[in-house]
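# A closer look at the structure
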Protein chains: 2
Amino acid sequence: MTEPQFPRGDDLPIGGTALQRRLAEAAVELFYAHGATATTVRDITGACGLTPGALYNHFSSKEDLLYVLVRDVHLQVNEQMTAVLAEAGPEPATQLSAMVRLLVAHTAGFKKRSRVANREFTALTGARRQEVRALRRQLRDRLGATLLAGAEQGAFNLAGGNDAPSATLAAATISNMCVHISEWTLEHYPPGIPDLQERFDVMALRIAGARPA
Amino acid sequence: MTEPQFPRGDDLPIGGTALQRRLAEAAVELFYAHGATATTVRDITGACGLTPGALYNHFSSKEDLLYVLVRDVHLQVNEQMTAVLAEAGPEPATQLSAMVRLLVAHTAGFKKRSRVANREFTALTGARRQEVRALRRQLRDRLGATLLAGAEQGAFNLAGGNDAPSATLAAATISNMCVHISEWTLEHYPPGIPDLQERFDVMALRIAGARPA
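The model shown is predicted, which means the values in this text are computed figures rather than measured ones. Sequence order as written defines residue numbering, which begins from 1 separately in each chain. Labels follow written order: the first chain is A, the first ligand is 1, and so on. Since the coordinates come from a predicted model, pLDDT governs what is reported: local features require at least 70, and pairs of side-chain atoms require 80 or more to be given and counted, while whole-chain, interface and lining totals use all residues.

So, on to the overall build of chain A. Segments assigned H or I by DSSP are reported as helices when at least four residues long, segments assigned E as strands when at least two residues long, and all are numbered from the N terminus. For chain A, the count of helices and strands is nine helices and zero strands. Going from the N terminus to the C terminus, chain A shows its helices and strands as α-α-α-α-α-α-α-α-α. Its C-alpha radius of gyration of 18 Å places chain A within 12% of the 17 Å reference for a compact globule of 213 residues. Using C-alpha atoms as the atom set, the radius of gyration is obtained and then compared with a globule rule of 2.2 Å times the number of residues to the power 0.38.

Attention shifts here to the interface of chain B and chain A. We call two residues in contact if the C-beta atoms placed from their backbones are at most 7 Å apart. Listed per partner, the contact involves 20 residues of chain B and 20 residues of chain A. Of all the secondary-structure elements, those providing two or more residues to the side of chain B that touches chain A are α7 (164–179), α8 (183–187) and α9 (193–208) of chain B. Amino acids outside the nonpolar list (Ala, Val, Leu, Ile, Met, Phe, Trp, Tyr, Cys, Pro) and the charged list (Asp, Glu, Lys, Arg) are all regarded as polar, and Gly is one of them. A breakdown of the residues in the side of chain B that touches chain A according to their chemical character gives nine nonpolar, nine polar and two charged.

Below, the discussion takes up the nonpolar core. One finds A:Leu69, A:Leu147, B:Leu69 and B:Leu147 to be the most contacted residues of the largest nonpolar core, which totals 130 residues. Those residues in contact with B:Leu69 that sit more than four places away from it in its chain are B:Ile14, B:Ala24, B:Ala27, B:Val28 and B:Val116. Joined through C-beta atoms within 7 Å, a set of buried Ala, Val, Leu, Ile, Met, Phe, Trp, Tyr and Cys residues constitutes a nonpolar core. Exposure is read from a count of other C-beta atoms within 10 Å of each residue's own; the residue is exposed at 12 or fewer, buried at 20 or more and partly exposed in between. C-beta atoms are placed from the backbone.

With that settled, the discussion passes to the relation of the copies chain B and chain A. Copy-to-copy alignment: least squares on C-alpha atoms, limited to residues at pLDDT 70 or above in both. Overlay of chain B on chain A (RMSD 0.0 Å): rotation 180°, translation along the axis 0.0 Å. Overall, the copies show the geometry of a two-fold rotation axis. When the interface residues of chain B are mapped onto chain A, 100% of them again lie at the interface, so the same face is used by both copies.

Let us now look at α9(B). Residues and elements named next belong to chain B. To estimate how far a helix should reach, multiply one less than its number of residues by 1.5 Å. For α9, spanning 16 residues, the distance from its first C-alpha to its last is 22 Å, which sits close to the expected 22 Å at 1.5 Å a residue. Among all positions in α9, only Ile193, Leu196, Gln197, Arg199, Phe200, Asp201, Met203, Ala204, Leu205, Ile207 and Ala208 are buried. Phi for Gly209, located one or two positions after α9, is positive at around 65°.

Moving on: the packing of helix α4 (residues 92–109) of chain B against α7(B). All names here are of chain B. Where α4 contacts α7, the two axes come as close as 8 Å, and the packing angle between them is 30°. Relative to α7, α4 is oriented roughly parallel. On α7, the residues touching Val100, Leu103, Val104 and Thr107 of α4 are Ile174, Ser175, Cys178 and Val179. When grouped by side-chain class, the residues that make up the contact of α4 with α7 number six nonpolar, two polar and no charged. Helix axes are fitted to C-alpha atoms over the stretch in contact, other axes to C-alpha atoms as well, and angles between N-to-C directions run from 0 to 180 degrees. Roughly parallel here means an angle under 35 degrees, roughly antiparallel means over 145, roughly perpendicular means 65 to 115, and every remaining angle is called oblique.

To continue, consider the environment of A:Ser61. When you line up the elements, A:Ser61 lands in the loop between α2 (41–47) and α3 (62–88). Placed 20 residues apart in sequence, A:Ser61 and A:Val41 show a C-alpha to C-alpha distance of 8.1 Å.

This part is about the environment of B:Asp11. Residues and elements named next belong to chain B. Following the sequence through the fold, Asp11 ends up in the segment before α1 (18–34). Asp11 sits in the exposed class, given 9 other C-beta atoms within 10 Å. Separated by 14 residues in the primary sequence, Asp11 and Glu25 place their C-alpha atoms 8.9 Å from one another.

Glancing now at the confidence of the model for chain A. Residue and element names in this part refer to chain A. Across the chain, each position has a pLDDT score giving the predictor's confidence in that residue, from 0 to 100. Across chain A, pLDDT averages 90, with 95% of residues at or above 70. The low-confidence segment residues 1–9 (pLDDT under 50) makes 14 contacts with residues lying over four places distant or belonging to another chain. Across the whole predicted complex the pTM is 0.88, and at the interface the ipTM reaches 0.86.

Counting along an α-helix, one turn takes 3.6 residues, and residues three or four places apart therefore face a common direction. Counted at 1.5 Å a residue, the expected span for α7(B) with its 16 residues is 22 Å, and the 22 Å between its end C-alpha atoms agrees. Within α7(B), 14 of the 16 residues are buried, leaving the element largely enclosed by the surrounding structure.

Turning to the environment of A:Glu183, a few remarks are in order. Checked against the element boundaries, A:Glu183 lands in helix α8 (residues 183–187). Measuring from C-alpha to C-alpha, the distance between A:Glu183 and A:Ala108 comes to 9.6 Å, with 75 residues separating the pair along the chain.

Residue and element names in this part refer to chain A. One way to put it is that helix α1 (residues 18–34) packs onto α3 with a least axis distance of 10 Å and a crossing angle of 90°. With respect to α3, the axis of α1 lies roughly perpendicular. Here Leu23, Ala24, Ala27, Val28 and Phe31 of α1 lie close against α3, whose contacting residues are Leu65, Leu66 and Leu69.

Right, dumping it as structure tokens:
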């Protein structure tokens with residue numbers, strides 16, 4: 001398995017009208033470069049050649065636009081994770097590899113939207129933030145469930161013990177490792193995404209203490 | 001080794017006058033909670049019972065205060081890394097463990113200042129940002145040098161090959177893993193810092209492909 005396991009089209013997942021998508025694409029660029037807090041509605045609409053008021057025909061606020069973006073990127077990854085897990089079958093090591101390769105493909109293949117989803121969600125407040133945190137927890141819990149199942153079946157040997165807290169810590173570490181691939185790595189890593197997937201797959205299986213195949 | 005390997009005093013490393021330290025402590029709280037961009041000079045001085053103008057007797061701007069804070073946290077970690085490496089002796093596995101335990105102790109023991117140093121440095125611009133990036137690179141390069149030395153000596157077996165690019169990727173992964181311990185983990189991990197250090201040590205040695213001792 002050397003290809004990213006999801007459609008490589010670069011459309012944002014938010015859908016909506018053509019203008020909503022254009023606003024969202026401009027927002028990704030600006031949120032990525034300057035952060036959501038420092039970006040103004042005027043910056044976003046200006047990048048689309050619109051007046052500031054035009055945003056409110058499509059989103060109720062800048063935070064609403066950020067929320068829709070961040071939520072939909074997480075929903076997309078969650079949905080694709082369901083698909084790769086179904087394809088991976090019952091072996092925990094194969095499941096772990098599939099999830100890691102998916103996360104790495106997103107982080108490296110859709111660098112800006114991934115970074116916005118994984119960094120700027122902290123700018124959300126209230127129920128929106130809770131919703132995104134729940135989606136993130138869901139992703140981590142899927143990794144954790146696979147790690148715990150593997151530990152219980154003897155396929156993994158987790159750092160600290162083959163128990164739920166160790167599975168949770170390993171899941172948080174592996175998911176962080178995959179979504180926070182450093183800017184420096186992404187810029188200085190010529191071999192490309194399949195090679196990165198391979199290396200992160202190896203590192204994740206090592207963290208899990210996977211039995212050599 | 002079960003204790004954090006550095007003085008546990010909670011003083012910020014920036015030194016300076018009592019009022020400078022008070023401003024810096026207030027800034028850490030605010031930058032941690034809201035981000036540096038969203039925090040105003042008025043917020044910082046207000047938290048110290050001062051008028052906004054008072055900041056400029058001590059720092060040339062909010063960015064200057066952020067810069068001093070972030071730089072000094074990085075300098076402190078760099079200095080402590082020199083000390084733990086000197087103590088660790090020549091074995092790459094012992095060196096790697098010592099560096100990982102130091103980074104984990106900082107991230108978990110000084111949660112707010114670490115998070116500010118590792119997240120808010122992106123709000124710096126120009127020469128200040130370059131300087132902090134160079135300090136971060138220096139930390140990563142020390143991990144990378146140990147990983148490469150261990151790979152060349154046969155003590156480690158790096159994912160992807162025992163070469164410089166693999167050492168660099170492993171170094172970036174291990175350092176990210178140690179400084180981005182999730183908020184969730186830090187809040188839900190009752191066993192405490194020595195236990196976390198132990199587990200991250202095991203995970204880092206696994207990532208490095210260390211020969212079982």
